[in-house]
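# Coordinate inspection notes
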Amino acid sequence: MQDAVATPVNSPGRVLFASLIGTTIEFFDFYIYATAAVLVFPKLFFPAADPASATLQSFATFALAFVARPIGSALFGHFGDRIGRKATLVAALLTMGISTVVIGVLPTYAHIGVIAPLLLSLCRLGQGLGLGGEWGGAVLLATENAPKGKQAWYGMFPQLGAPIGFFIATGLFLWLTEHMGDAAFFAWGWRVPFLASSALVLIGLWMRLRLTETPAFARAMAQQERVRVPMLTVLTEHPRALFAGTFATLATFVIFYLMTVFALSWATSKLAYSRETFLIMQMVGVLFFALFIPLSALLADRRGNRFTMVLATLLIFVFGIAYAALFAHSGLLFMVIGMCVVGITYGPLGATLAQMFPTAVRYTGASLAFNMAGIFGASLAPYLATWLAKTYGLEYVGYYLSAAAVLTMLALMIKPKQDAQAGH
């Protein structure tokens, strides 16, 4: 009986594509909000005499999702560890998808006043809940089906969803802004990416409904290893792993959102870049992001996750020192170098967190660490970076990034040495 349970039913291709397509959709939904938070929402949902104040209000709603993500990781993690990865992944995808599509039909401030930003904030919370449950499940779908010695390689496929989703989202916004005037774009064009998400969600659902449970979870079920309240078990029995996992992920979040949301806002408002020009630069950078994810995963399988994460963190620290000078010198060079570094830290991250927790609480533990890092490392990053740049100068944004790298390095040093094997 146990041998039958332990035998993987999902083919590698189906597993990897399902984990990739799901996170691609989730990050597409997330990034179209991030782009709209810079380009659209300050004008349509947060009108103010001072454009900078409207942008800061828009960034505040951007941060709401990161507050909701740990709640989503606890909620979906509970069911993912109790009833299975498959059903929970489907529910997380629906939560994210419905929230995104509703944003595409919301009336603006001009139509319903203050109710408009309140509804926008509610949808943003829904996005955060869904993404909080999505990432951990997708990583476990990959790593718990991985052959021995290939956990990082399998675990990087969900990570590839980030650059692919970003590339599609940015490309769609770029196409819309180039093929219609500002009047049409702000009247209805900005809604297209949110509504188009519905088609992508249907594809993701079709793929995930065809999956069976992962071998690791099936064995845990057969051996009665489930715990009653996974969240409580993580907090009481694995606090070191949770703490180390959260701060080991901190610098990854900070650098990513400084390279995307903040960089787009600062470049178009202070450095005289048109939004089309800088979006193209970001898309070029994302190609390098996607390239370095698999390269760093290969390195992690060969030299270890800790080695690769330490290397990436050192590079983040150095990049933070050079952040302002590179940004001022060449936007394109800045994006390429920065996104290469993001790819190096992002590739082994999924396998690193998954291997820190046993199967019975892995969904909850890995998701919670990842999304707690989102609160500390990403939720306020665009807002704080904007304040630092305006108050002290752009170089202090780089110092902020380097400080995050120091905290991540300390967390990697205290990370539990005996990793749980994610796939076995």
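Every value quoted in this text rests on a predicted model; they were computed, and no experiment measured them. (Residues numbered from 1 in each chain as written. Predicted model: local features only at pLDDT ≥ 70, side-chain atom pairs only at ≥ 80, totals over all residues. Heavy atoms only, no water.)

## As for helix 20 (residues 381-391)
- Buried within helix 20 are the following residues: Ala 381, Pro 382, Ala 385, Thr 386, Leu 388 and Ala 389. Projected down its long axis, helix 20 carries its buried residues within an arc of 165°, all on one side.
- In the segment just after helix 20, Gly 393 is the residue with positive phi, at about 115°. (Buried < 20%, exposed > 50% of the residue type's maximum accessible area, 1.4 Å probe, protein only. Helix = DSSP H or I, 4+ residues; strand = E, 2+ residues; numbered from the N terminus. Arc of directions from axis to C-beta.)

## With respect to helix 12 (residues 230-237)
- Within helix 12, the full set of buried residues consists of Pro 230, Thr 233 and Val 234. Viewed end-on, helix 12 has its buried residues packed into an arc of 100°, placing them on one side of the element. Turned more than 90 degrees off the buried face of helix 12, the exposed positions are Leu 232 and Thr 236.

## Things to note about the packing of aromatic side chains
- Enumeration over the complete set of coordinates arrives at 29 aromatic pairs.
- Plain terms: the ring middles of Tyr 323 and Phe 327 are 6.1 Å apart, the flat faces sit at 85° to each other, and that makes the pair edge-to-face. Here Phe 327 and Tyr 323 lie together in helix 16 (residues 305-329), a separation of 4 residues that amounts to about one turn. Of the two residues examined, Tyr 323 and Phe 327, each falls in the buried class.
- Ring centres 5.4 Å apart and planes at 40° place the aromatic pair Tyr 392 and Tyr 396 in the tilted group. (Phe/Tyr/Trp six-rings, centres within 6.5 Å; stacked < 30°, edge-to-face > 60°.)

## Quick look at the packing of helix 14 (residues 250-270) against helix 19 (residues 362-379)
- Running from N to C, helix 14 and helix 19 point in directions that differ by 50°, and their axes come no closer than 8 Å. Compared by their axis directions, helix 14 and helix 19 come out oblique. Crossing of helix 14 against helix 19: the hand is right-handed. Between helix 14, through Leu 250, Phe 253, Val 254 and Tyr 257, and helix 19, the contact on the second element is made entirely by Phe 370, Ala 373, Gly 374, Phe 376, Gly 377 and Ala 378.
- Broken down by class, the residue content of the contact of helix 14 with helix 19 amounts to 8 nonpolar, 2 polar and no charged. (Axes fitted to C-alpha atoms, helices over the stretch in contact; angles between N-to-C directions. Parallel < 35°, antiparallel > 145°, perpendicular 65-115°, else oblique. Left-handed = near helix turned anticlockwise from the far one by under 90°. Contact = heavy atoms within 4.5 Å. Nonpolar A, V, L, I, M, F, W, Y, C, P; charged D, E, K, R; others polar.)

## Side note on the side chain of Thr 170
- In this structure, Thr 170 sits in helix 8 (residues 151-179).
- Aside from chain neighbours lying at most four places away, what touches Thr 170 is Leu 279 and Met 283.

## Considerations on the confidence of the model for the protein chain
- Overall, the predicted model of the protein chain reaches an average pLDDT of 83, with 92% of residues at or above 70.
- pLDDT under 50 marks residues 1-8. Its contacts with residues more than four places away, or in other chains, come to 9 contacts.
- Low pLDDT, under 50, characterises residues 418-424; the stretch is placed with 25 contacts to residues that sit more than four places away or in other chains. (pLDDT = per-residue confidence, 0-100.)

## Side note on the packing of helix 16 against helix 21 (residues 395-414)
- The N-to-C vectors of helix 16 and helix 21 enclose an angle of 165°; their axes lie 7 Å apart at closest approach. Our classification of the angle between helix 16 and helix 21 gives roughly antiparallel. Crossing handedness for the pair helix 16 and helix 21: left-handed. Where helix 16 abuts helix 21, its residues Arg 306, Met 309, Val 310, Thr 313, Leu 314, Ile 316, Phe 317, Phe 319, Gly 320, Ile 321, Tyr 323 and Ala 324 lie against Glu 395, Val 397, Gly 398, Tyr 399, Leu 401, Ser 402, Ala 405, Val 406, Thr 408, Met 409, Leu 412 and Met 413.
- Looking at side-chain class alone, the contact of helix 16 with helix 21 contains 17 nonpolar, 5 polar and 2 charged residues.

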